[in-house]
Amino acid sequence: MSAALTLSPAQVTALRAALDSADYTLDSVTALLGAEALESLRAGSFAGALHRFAKLPASPLKTLCALFYLGAPVTRDELQTTFTQLTPEELTGAGVLRANNSYFSAAVSLNPVTIADGHNRDSGAYSWWLFSDLDDHLRKEAVSDDHVMGVGGATRSLISQLPPLKVATAADIGTGCGVVAFHLAKRAAKVVATDLSSRTLNFAQVNAQLNEIVNIEFRAGDLFAPLGAERFDLLASNPPFVINPAGESALSYRSTQEPGDALVARFTKQLPGYLNNEGRAVALLSWENYWGKNFADRPTAWLEQSVKQFGSAWVIERDRVNPLAYAKMWARDGGVQLGTAASEKLQRSYLDDFEKREVSTVSFGSLHLQNGGQKPVLHVAEVRSPYGDPQKLGSAIDAAFRTGSRITGLSDSEILESRLMLAAGVKEQRLHKPGEADPQEIWFAATLPFLQQYPAGTATAAMLGASDGELSVGQIAGALADIFEVEPEALATELCTVVRELAYTGLFTVAP
């Protein structure tokens, strides 16, 4: 097992003071290194950052960047100027630094991060200092089995999708470095964060202390096991969903030895049972698709029984890749360089495993779940359009989920009695041939939760344009039937179908 962090509470307080005094924030680091050089650095190119770095005067911020961004050795004097209440030996003994003759270098990463989250109505984001194992561009080797990840795109996506609720209790399953739990801690009075890895929990606990978060209880164990009989108002998870080929060792931060997507199946089936009435859950998922089967088959099979018992679910498939693309992706993610013998062996293992089990593609997406509150509805959809503004995404996707679940469970007569409200930011676009009054095409463009255009016929466009929460769908349909001189019942039926088709798009909500 790799070393843990052994900082005492007093040392964490002293470390926080040093980071604060140096103004070690993402904005300050970007200003110091330059946005372009910083982006190149994250991709493994040091030239731009080193060129700029050499011209900078000495400062605590420069020392921190040298350690944790460039992986460069620093002197004892530089450390003592930066960490005025900690000795180099203390930082080395606690697992933060490594000693090399008279120089010191980073043993782990310690990064300032800013993550979009609409729950913060002032800035639309929260900022943290986070310990993790060395970032990819500093590690230069394959990761260890007990690797502790920092903040990646998947984590940011999960956090941006969290509803901006105020709740009593929340849980983070598979907490990793702890950052998802920190965002839950802004929403809940009490948070429980679980992880199978004791080393990962160690990093998460130190990170919580460093960021002065006191309402999280960390528990060790597999998935939901540490929760016992407890239920929660809000649950979030980025579970270890990466498929591990048979016979290959698993990296605990992303996968297990369970075959295929068995862990995701187990997680998804168990999840609804840990929510309070009207509780919400958001999780990232990945699942296998078998030869001749539809992408929706497996999540539907996992959820259909629990949805009937507990509430509504929305599975959003964001991407689908073939076995070779999947093999290359996760070989590279684990730090195995493409083209090496190790990479070729791992990719062959993936391909052999997928072929043996008749896997044609692998899907990636997210799950939104609500316990109770309305008729049970399970909706599995493919959405490739980009998400909208991450600072507003959580509330927008929450509204789309509630609207979609509600509309899907309604009969035609109930839809006709409903009053719709066009969402803010929706634009109507019309394509005209010069000189002609009637449009050739009509679209409604949404910016949340997805950046997407939806084609609309004349009647649909007129209905959406009149949806301000005052008139019911039935009243609008009746008026349009008179205007277009069509059969009222036929138009009403057509508009009910359209409302169902657009229910999860975020184009409208149902007026109270």
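Worth saying up front: this structure is predicted, and the values here are computed from it rather than measured.

What counts and what doesn't
Residues numbered from 1 in each chain as written. Predicted model: local features only at pLDDT ≥ 70, side-chain atom pairs only at ≥ 80, totals over all residues. Heavy atoms only, no water. Helix = DSSP H or I, 4+ residues; strand = E, 2+ residues; numbered from the N terminus. Rg over C-alpha atoms; globule rule 2.2 N^0.38 Å. Contact = heavy atoms within 4.5 Å. Areas by Shrake-Rupley, 256 points an atom, 1.4 Å probe, with all protein chains shown as cover. Lys, Arg positive; Asp, Glu negative; His and termini not counted. Charge placed at Lys NZ, Arg CZ, Asp CG, Glu CD. Salt bridge = Lys/Arg side-chain N within 4 Å of Asp/Glu carboxyl O. Buried < 20%, exposed > 50% of the residue type's maximum accessible area, 1.4 Å probe, protein only. Axes fitted to C-alpha atoms, helices over the stretch in contact; angles between N-to-C directions. Parallel < 35°, antiparallel > 145°, perpendicular 65-115°, else oblique. Left-handed = near helix turned anticlockwise from the far one by under 90°. Nonpolar A, V, L, I, M, F, W, Y, C, P; charged D, E, K, R; others polar. Arc of directions from axis to C-beta. Polar contact = N/O pair within 3.5 Å; in protein donor to acceptor, adjacent residues only side chain to side chain. Patch = residues over 30% accessible without salt bridge, like charges linked within 9 Å, V, L, I, M, F, W, Y side chains within 5 Å.

A few words on the overall build of the protein. Across its full length, the protein holds 20 helices and 18 strands. Over its C-alpha trace the protein gives a radius of gyration of 26 Å, about what one expects of a compact globule, namely 24 Å for 512 residues. Taking the principal axes of the C-alpha coordinates as reference, the protein spans close to 90 × 50 × 45 Å. Sequence-distant contacts in the protein: of pairs separated by 6 or more residues, those separated by 24 or more amount to 72%. For the protein, the exposed surface amounts to about 22400 Å²; the carbon and sulfur share of it is 51%. The averaged location of the 57 negative side-chain charges in the protein is 4 Å from the averaged location of its 43 positive side-chain charges.

Looking now at the pattern of salt bridges. This model, assessed by the stated rule, comprises 21 salt bridges. Between E89 and R76 there is a salt bridge, with its nearest N and O atoms 2.6 Å apart. Highlighted residues: E89 in helix α7 (residues 88-93) and R76 in helix α6 (residues 76-82), separated in sequence by 13 residues. A residue is classified by how much of its surface remains accessible, and E89, at 43% relative accessible area, is partly exposed. Judged by its relative accessible area of 33%, R76 falls in the partly exposed class. The salt bridge partner of E317 is R320, with a shortest N-O separation of 2.6 Å. Each of the salt bridges in this network shares a partner with another, and the network as a whole consists of K190, E217, R219 and E230.

Between helix α18 (residues 458-465) and helix α19 (residues 473-484), whose axes approach to 10 Å, the crossing angle comes to 135°. With respect to α19, the axis of α18 lies oblique. For α18 against α19, the interelement crossing comes out right-handed. From α18, T458, A459, A462 and M463 reach across to α19, where they touch V473, I476, L480 and F484. Considered class by class, the residues forming the contact of α18 with α19 number seven nonpolar, one polar and no charged.

Three or more residues of helix α14 (residues 323-333) are buried, namely P323, Y326, A327, W330 and A331. In a view along the axis of α14, the buried residues occupy a sector of 120°, so they form one face of it. Buried residues along α14 sit in contact with β11 (311-321), α15 (341-356) and β12 (359-371). The backbone nitrogen of L324 has a side-chain oxygen 3.2 Å away, supplied by the residue at the start of α14, namely N322.

It is worth spelling out a nonpolar patch on the surface at this point. Among the surface-exposed residues, I483, F484 and V486 lie close enough to one another that they form a single nonpolar patch of about 270 Å² accessible area. Considering the arrangement of structural elements, one finds F484 in helix α19. Looking at F484, the relative accessible area reads 33%, which means it is partly exposed.

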